[in-house]
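A look at the structure
The lines below spell out each chain.
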Amino acid sequence: MQHKGTITLETDRLILRKFRADDAEQMYHNWASDPEVAKFMTWPPHPDDFCTRSLITGWISNYADASNYNWVIECKSSGEVIGNISVVRLEEAIEGAEVGYCLSRAWWGQGIMPEALRAVIVYLIKEVGLNRVAAAHDRNNAKSGRAMEKAGMKYEGTLRAADRNNQGIGDKVYYAVLKDDLSQSIKQRYHSDLSDEIIIYFMRLILHLQKSGIEDLPLAHSFAEPLKHFLDLAVELMIDGQPPEVAALILDAEYDVIIQQDKLITETVLALRLIRELSWHIHYDKDYYGYLLMTDNLWGNRVSEYASRTFYPNLPEDIQDKYHIRDLIKYVPQDILRLEDY
């Protein structure tokens, strides 16, 4: 678990960022002064924007603490701030957190809060290293529960007369998501045989670069268009030794052209993104092993088997030590390891 604070997060429609002093007016008018938004909250509607400004001033000062997580929700298309989502309780002993949120009434029913909540959950689990992210709502505020479900959280139970808000004492309904839940849901939704093939190709590429450098590249593959062209280009940029800024510009431009020309399914778009990210990191990022290993939530059985038998055993000893690879393969029978054969 490593606290990283309130960094900026982006989704398709939203930017989640730190509060600024100039957010006060919109916060006051859009949600903080609205009795309907505050109905099931523990704070009363703000009587004036001075109250909102004072609150934001305190929040801004709290950003100096890396364990503080408090985002304003900004609409990408308009730049308007429309809500707030934050960690309201940290439980370091169990690597857990409880999240709370509120949203301008004008944006209810449009899937905004599930979108923001998903982004925060992924960040807290994948980047900060939490094992559990929970949220709770008043039993009479069922819409909030549906937002939690849409964000991938699971119902855990209802505590009777366990909370007090602006409606008085009421039942508290808990939802939560665990690290394992998140890993399983992402893998079920995005894993494909195609992504397996891409990841295995780059594992082979890393092992080849370790042994022979760029000699005899590109490695043979059987990907169809548009992946073939994009992968060949990515490897060509490696061979040519293009500066990282130039390589990024070229790959991004080619990616945009492919996306605009073809109606692609998610599986193909993800494969293109994997090619772009993995090729860039392998060529320009000193910690590219770490980046590749971070994709393990997308690995299917074929990748896991290839990693255990071939990729992990052929990694340099210092890399095996850094990422605790020996622990991952210590129970793999020695006679099935494919040393120097990839």
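Rules used throughout
- Residues numbered from 1 in each chain as written.
- Predicted model: local features only at pLDDT ≥ 70, side-chain atom pairs only at ≥ 80, totals over all residues.
- Heavy atoms only, no water.
- Core = buried A, V, L, I, M, F, W, Y, C linked by side-chain atoms within 4.5 Å.
- Buried < 20%, exposed > 50% of the residue type's maximum accessible area, 1.4 Å probe, protein only.
- Helix = DSSP H or I, 4+ residues; strand = E, 2+ residues; numbered from the N terminus.
- Contact = heavy atoms within 4.5 Å.
- 1 Å grid on protein atoms, 1.4 Å probe; cavity = no way out; pocket = protein on both sides within 12 Å on 5 of 7 lines; lining within 4 Å.
- Points joined across faces, edges and corners; volume = space filled by probe spheres on them.
- Nonpolar A, V, L, I, M, F, W, Y, C, P; charged D, E, K, R; others polar.
- Axes fitted to C-alpha atoms, helices over the stretch in contact; angles between N-to-C directions.
- Parallel < 35°, antiparallel > 145°, perpendicular 65-115°, else oblique.
- Left-handed = near helix turned anticlockwise from the far one by under 90°.
- Phe/Tyr/Trp six-rings, centres within 6.5 Å; stacked < 30°, edge-to-face > 60°.
- Lys NZ or Arg CZ within 6 Å of the ring centre and 35° of its normal.
- Pairing = 2+ DSSP bridges.
- Right-handed = clockwise from strand over helix to strand, strands pointing away.
- Expected span 1.5 Å × (residues − 1).
- Salt bridge = Lys/Arg side-chain N within 4 Å of Asp/Glu carboxyl O.

Overview of the nonpolar core
By size, the foremost hydrophobic cluster in this structure holds 46 residues, and its most contacted members are Phe202, Met203, Phe311 and Tyr312. Listed by contribution, the elements that provide at least two residues to this core are α7 (193-212), α8 (227-240), α9 (244-261), α10 (266-284), α11 (288-293), α12 (301-311) and α14 (325-329). If one sorts the elements of this core by residue count, α7 sits on top with 10 residues. Here Tyr312 is in contact with Leu293, Trp299, Ala307, Gln320, Ile325, Leu328 and Ile329, once residues within four sequence places are set aside.

As for the layout of surface pockets
As a volume, the second largest pocket reaches approximately 1,300 Å³. What lines the second largest pocket is a set of 44 residues, among which Met41, Tyr101, Cys102, Asn141 and Ser144 lie closest to the centre. Its residues assigned to classes, the lining of the second largest pocket shows 23 nonpolar, 12 polar and nine charged.

What about empty space enclosed by the protein?
Summed over all chains, the structure comprises one cavity of 30 Å³ or more. The computed volume of the largest cavity comes to approximately 30 Å³. Elements with a minimum of two residues in the lining of the largest cavity: α8, α9 and α10. Counted by class, the lining of the largest cavity contains seven nonpolar, two polar and no charged residues.

Some thoughts on the packing of α7 against α10
The contact between α7 and α10 brings their axes to 9 Å, and the two run at 15°. Taken together, the axes of α7 and α10 are roughly parallel relative to one another. For the pair α7 and α10, the sense of crossing is right-handed. Residue-level inspection shows Leu194, Ser195, Ile198, Ile199, Phe202, Ile206 and Leu209 of α7 in contact with α10, the latter providing Glu267, Thr268, Ala271, Leu274, Ile275, Leu278, Ser279 and Ile282. Looking at the contact of α7 with α10, its residues break down into 11 nonpolar, three polar and one charged.

Things to note about the packing of aromatic side chains
The final tally for this structure, using the stated rule, is 11 aromatic pairs. Pairing Phe19 with Trp59 gives two aromatic rings, centres 4.9 Å apart and planes at 50°, and the pair type is tilted. One end of the pair, Phe19, is in the loop between β2 (14-17) and α1 (24-32); the other, Trp59, is in helix α3 (residues 49-62), with 40 residues separating them in the sequence. In terms of burial, Phe19 and Trp59 fall into one category: buried. Ring plane angle 85° and centroid distance 5.5 Å describe the contact between Tyr201 and Phe202, whose orientation is recorded as edge-to-face. Classification of Tyr201 as buried rests on a relative accessible area of 3%. You can call Phe202 buried: its relative accessible area is 0%. Joined through ring pairs, the aromatic side chains of Tyr69, Trp71 and Tyr123 make up one cluster. Taking NZ or CZ as reference, Arg273 lies 5.1 Å from the ring centre of Tyr255, over its face.

Here we look at the pairing of strand β6 (residues 132-138)
With five of its seven residues buried, β6 lies for the most part within the structure. Of the pairings in the sheet, the one linking strand β5 (residues 96-103) to β6 comprises three bridges and is parallel in character. If you follow Ala97 over to β6, its bridge partner there is Val133. In terms of handedness, the path from β5 via helix α4 (residues 112-128) over to β6 forms a crossover that is right-handed. Bridging between β6 and strand β8 (residues 168-178) involves seven bridges; their strand directions are antiparallel. Note that in β8 the partner of Arg132 across the bridge is Leu178.

Re α8
Compared with the 20 Å implied by 1.5 Å per residue over 14 residues, the 20 Å span of α8 between its first and last C-alpha is a close match. Here α8 has its buried residues at Leu227, Phe230, Leu231, Leu233, Ala234, Val235, Leu237 and Met238. Packed against the buried residues of α8 are α7, α9 and α10. Note on α8: the residue one or two positions beyond its end, Gly241, has a positive phi of about 65°.

Concerning the pattern of salt bridges
This model, assessed by the stated rule, comprises 21 salt bridges. The closest approach of N and O atoms between Arg273 and Glu277, which form a salt bridge, is 3.1 Å. Linking Arg273 with Glu277, this pair stays in helix α10, spanning four residues, or about one helical turn. Among the residues examined, Arg273 registers a relative accessible area of 32% and is labelled partly exposed. The partner of Lys322 in a salt bridge is Asp287, with the nearest N and O atoms 3.4 Å apart.

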